[in-house]
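Here are the chains, one letter per residue:
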Amino acid sequence: MNLYSRFLPWFYRIVRNQANMRMRRGGPYRNERPFVSITSLETNGSQVDWEDLDSILYHLARTASDASMREQNPAEHLLRKEIYETLHTLLHCLSRKERDIFKAYFFRQLSPDEIAEMYRMTTGSIYTYIHRSRQKLCKEHIRVSLGLLPEKKGGSGLTKHNILELRTWQAEPLVMSTFVNSIGRMLASIGDRWEAAELMGLSTFAFRMKLSDKTTFADGIYVFDWRATLQVLMREIGYEISMLCGQLADSPIPLLGAVERFPVVLRIEEAVLPFIRRHIDAGKPVLYFDTLVTRPYVHEWAVIYGYDDRERVVHLTDPIRTAGKTLSYEDVINNPVRFLAGFGSKLEQTTGETARRPRETVAREQALRTIRFAISYAKHGCEYRPRTSYLNYTSGMAAYDRWIGHLRNPHIAPNRYGMGQLSTVYTEVKRYAALYLQGVPLEGEAKRLAMLASEAYEQTADAMTELCKLVPFIRTSEILSPDMREVCAFQLEKAKAFESSAVDYLEKIIAEKAGEEGSRQ
């Protein structure tokens, strides 16, 4: 029986680091009692039941332990003992049949064909059992290493499922900025309905535009500080927020410029599913970044509104599938970008001056903060910068010049698909900027200037709409001809001129409010 020939070289790798760490911390025992120190079984070589895996592993661990005590350098024997002990612990995560097939293949060295004949099964089924057993052992090792509770087997015999009613937020079409659209749907589902224009303004998405420095890729839409932006928006609308962020270490990461600061995380259910269940069971949907979204999209924010432990799926929204869709737990766990967020308690205003202020005063202050952001973003661009050197973006008014430069540069091939998405999203953004400014609770000259800025943003959106007609948001291999590129550049120049006027009006609003404050003092 050659224990190393199949199983141990693979298993040795996932146990070695853990064993060495225990030795550095003071030996394998320290404050722990391994299996062989608490068992009442006294076994020697003549008493080993070589047909029973538990007996074999106990004997091997005891032999390694005795050898380590006799040697001056016990590291190798202690490491081997650690492997046998860990193996004994982990194998109990397998069912009886899985253990028998696993033992036959790895320890008795039988071929899959021989095992299939023994169990009167197909060879393919044996391979499936072996593969599934290996996956279970790897998962159980991670669970044990992290000190997580073991999975309950049987228990009450009940599997949980919970699907919330995801209430409609507004009439079609849905907001193209799915970050805001998803938050709006989540709020509506807990009975707190906000207007789309108000959320687009308070989130500042109505005043953003960012473009890749390489070509007309659409990734600039997604490159911002997700966590900080969500925290600020939730504070503005009065909610606590909890987030779960991460990136998988061994996967290609989309939108690296946005998620490069996220911690590296493991592919385990316990890191994700309890978060989803907790919020769904509290009647609150979960914001989720979906990298398996339906085409023509590549990735978008979605809302998880249900889960089913029996089917092992979550229910979530999709911009193309109006009825929603399901993703398996494995799809959620293996998502290379982990971003989930759930609403907590609603923030209550405390006693004092803050609690006594009327809602209109609070809304006016919010509007002025948004306007100041819009001015700063237009003139100076986004404060968030990727750390990865080859990921560069241009934002604010300068994004127009970057976009026009891509179209007029003969050495750059504009990405037509990306340009279609950029045009569609940013046309809507300008339209919502106009709608938001129409509703801001300003008075007098400030209100008049806000209406002029709104009209200028509306004209910006009209110019961008023509761009959408030229380059629709569809999947196509067709390239942009030089003539078409020039027509698109002309439309962008018109849009830039209109938005520049809008920003001028916004600056005058802030100057007007500063003058009012000065006259009161």
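If you're wondering where the values come from, they're calculated on a predicted model, not measured in any experiment. (Residues numbered from 1 in each chain as written. Predicted model: local features only at pLDDT ≥ 70, side-chain atom pairs only at ≥ 80, totals over all residues. Heavy atoms only, no water.)

## Things to note about the confidence of the model for the chain
Here's step 1: On average, the chain scores 83 in pLDDT, and the residues at 70 or more come to 77%.
Here's step 2: Model confidence for the chain, summarised as mean pLDDT per element, is weakest for helix 2 (residues 35-38) at 39 and strongest for strand 5 (residues 286-290) at 98.
Here's step 3: Low pLDDT, under 50, characterises residues 24-46; the predicted model gives this stretch 27 contacts beyond four residues in sequence or across chains.
Here's step 4: The model gives residues 153-158 a pLDDT under 50, and that stretch makes three contacts with residues more than four places away or in other chains. (pLDDT = per-residue confidence, 0-100. Helix = DSSP H or I, 4+ residues; strand = E, 2+ residues; numbered from the N terminus. Contact = heavy atoms within 4.5 Å.)

## Notes on empty space enclosed by the protein
Here's step 1: Tallied over the full model, the rule gives four cavities of 30 Å³ or more.
Here's step 2: Approximately 180 Å³ is the volume attributed to the largest cavity.
Here's step 3: Forming the boundary of the largest cavity are 19 residues, of which F205, I221, Y222, F224 and Y426 lie nearest the centre.
Here's step 4: Counting only elements with at least two residues in the lining of the largest cavity, the list comes to helix 8 (178-189), strand 6 (300-308) and helix 17 (416-438). (1 Å grid on protein atoms, 1.4 Å probe; cavity = no way out; pocket = protein on both sides within 12 Å on 5 of 7 lines; lining within 4 Å. Points joined across faces, edges and corners; volume = space filled by probe spheres on them.)

## A closer look at the packing of aromatic side chains
Any aromatic ring pair is given by two values, namely how distant the centres are and how the planes are angled relative to each other.
Here's step 1: What the rule picks out here adds up to 19 aromatic pairs.
Here's step 2: Residues F207 and Y436 carry aromatic rings whose centres are separated by 6.3 Å and whose planes lie at 80 degrees to one another, so their mutual orientation is edge-to-face. On the criterion of sequence distance, the pair formed by F207 in the loop between helix 9 (196-202) and strand 2 (210-212) and Y436 in helix 17 is long-range, its members being 229 residues apart.
Here's step 3: F207 sits in the buried class, given a relative accessible area of 5%.
Here's step 4: By relative accessible area, which is 8% here, Y436 ends up buried.
Here's step 5: A connected cluster of aromatic rings, assembled from ring pairs, spans F179, F205, Y222, F224, W226, F262, F289, W301 and F339.
Here's step 6: The ring of F205 has R208 sitting right over it, with the charged end atom 5.1 Å from the ring centre. (Phe/Tyr/Trp six-rings, centres within 6.5 Å; stacked < 30°, edge-to-face > 60°. Buried < 20%, exposed > 50% of the residue type's maximum accessible area, 1.4 Å probe, protein only. Lys NZ or Arg CZ within 6 Å of the ring centre and 35° of its normal.)

## Some points on the pairing of strand 6
Here's step 1: Extensive coverage of strand 6 is indicated by the burial of nine of its nine residues.
Here's step 2: When strand 1 (residues 161-163) meets strand 6, the two strands line up antiparallel, connected through three bridges. When the sheet's bridge partners are listed, N162 is paired in strand 6 with Y307.
Here's step 3: Pairing analysis gives five bridges linking strand 5 to strand 6, with the strands arranged antiparallel. Within strand 6, the position partnered with F289 by the bridge is W301.
Here's step 4: Two strands pair when backbone bridges link them, and strand 6 and strand 7 (residues 313-316) are joined in this way by four bridges, in the antiparallel orientation. Bridge pairing in strand 7 links Y307 to V314.
Here's step 5: Remark: four residues form the turn of the hairpin made by strand 6 and strand 7, two consecutive strands paired antiparallel; R312 in that turn has positive phi of roughly 60 degrees. (Pairing = 2+ DSSP bridges.)

## Comments concerning the pattern of salt bridges
Here's step 1: Enumeration according to the criterion identifies 26 salt bridges in this entry.
Here's step 2: Residues R96 and D100 are paired through a salt bridge, measuring 3.5 Å at the closest nitrogen-oxygen approach. Separated by four residues within a single helix, R96 and D100 lie in helix 5 (residues 96-106), roughly one turn from each other.
Here's step 3: The class of R96 is exposed, set by a relative accessible area of 65%.
Here's step 4: By relative accessible area, D100 is classed as partly exposed at 22%.
Here's step 5: With its nearest N and O atoms 2.7 Å apart, the salt bridge here joins E445 to R448. Pair noted here: E445 and R448 are both in helix 18 (residues 444-470), with a separation of three residues, about one helical turn.
Here's step 6: Judged by relative accessible area, which is 32%, E445 ranks as partly exposed. (Salt bridge = Lys/Arg side-chain N within 4 Å of Asp/Glu carboxyl O.)

## A few points about the pairing of strand 9 (residues 337-346)
Here's step 1: For strand 9, a buried count of seven out of ten residues is recorded, marking the element as mostly surrounded by other parts of the structure.
Here's step 2: Judged from the eight bridges that link them, strand 3 (residues 239-248) and strand 9 form a sheet pairing that is antiparallel. Directly across from Q247, in strand 9, lies its bridge partner V337.

## Some thoughts on the nonpolar core
Here's step 1: Of all hydrophobic cores here, the largest spans 94 residues; its most connected members are W226 and W403.
Here's step 2: Per-element accounting of this core gives the leading share, eleven residues, to helix 17.
Here's step 3: Discounting residues that sit within four places of it in the chain, W226 has contacts with F179, L255, A258, V259, F262, F289, W301, V337 and F339.
Here's step 4: L273, Y288, Y307 and V332 belong to the second largest nonpolar core, which has 18 residues in total. (Core = buried A, V, L, I, M, F, W, Y, C linked by side-chain atoms within 4.5 Å.)

## A few points about helix 6 (residues 112-119)
Here's step 1: Those residues of helix 6 not exposed but buried are P112, I115 and A116. Summarising the axial view, the buried residues of helix 6 lie within an arc of 100 degrees, below the 170-degree limit, and thus occupy one face. Facing away from the buried side of helix 6 by more than 90 degrees, the exposed set consists of D113 and E117. (Arc of directions from axis to C-beta.)

## Side note on the packing of helix 16 (residues 398-408) against helix 19 (residues 482-520)
Here's step 1: For the pair helix 16 and helix 19, interaxial distance at closest approach is 9 Å and the crossing angle is 170 degrees. The angle between helix 16 and helix 19 places the two elements in the roughly antiparallel class. Only R485, E486, C488, A489, F490, L492, E493, A495, K496 and E499 of helix 19 make contact with helix 16, whose side of the interface consists of Y400, D401, W403, I404, H406, L407 and R408.
Here's step 2: Taken together, the residues that form the contact of helix 16 with helix 19 break down as nine nonpolar, one polar and seven charged. (Axes fitted to C-alpha atoms, helices over the stretch in contact; angles between N-to-C directions. Parallel < 35°, antiparallel > 145°, perpendicular 65-115°, else oblique. Nonpolar A, V, L, I, M, F, W, Y, C, P; charged D, E, K, R; others polar.)

## Describing the environment of R267
Here's step 1: Secondary-structure assignment places R267 in the loop between strand 4 (264-265) and helix 12 (273-281).
Here's step 2: A relative accessible area of 34% places R267 in the partly exposed class.
Here's step 3: Separated by 65 residues in the primary sequence, R267 and V332 place their C-alpha atoms 9.3 Å from one another.
Here's step 4: Within polar-contact distance, the side chain of R267 engages the side chain of D250 at 2.9 Å.
Here's step 5: Polar contacts involving the side chain of R267 include one to the side chain of S251, which spans 2.6 Å. (Polar contact = N/O pair within 3.5 Å; in protein donor to acceptor, adjacent residues only side chain to side chain.)

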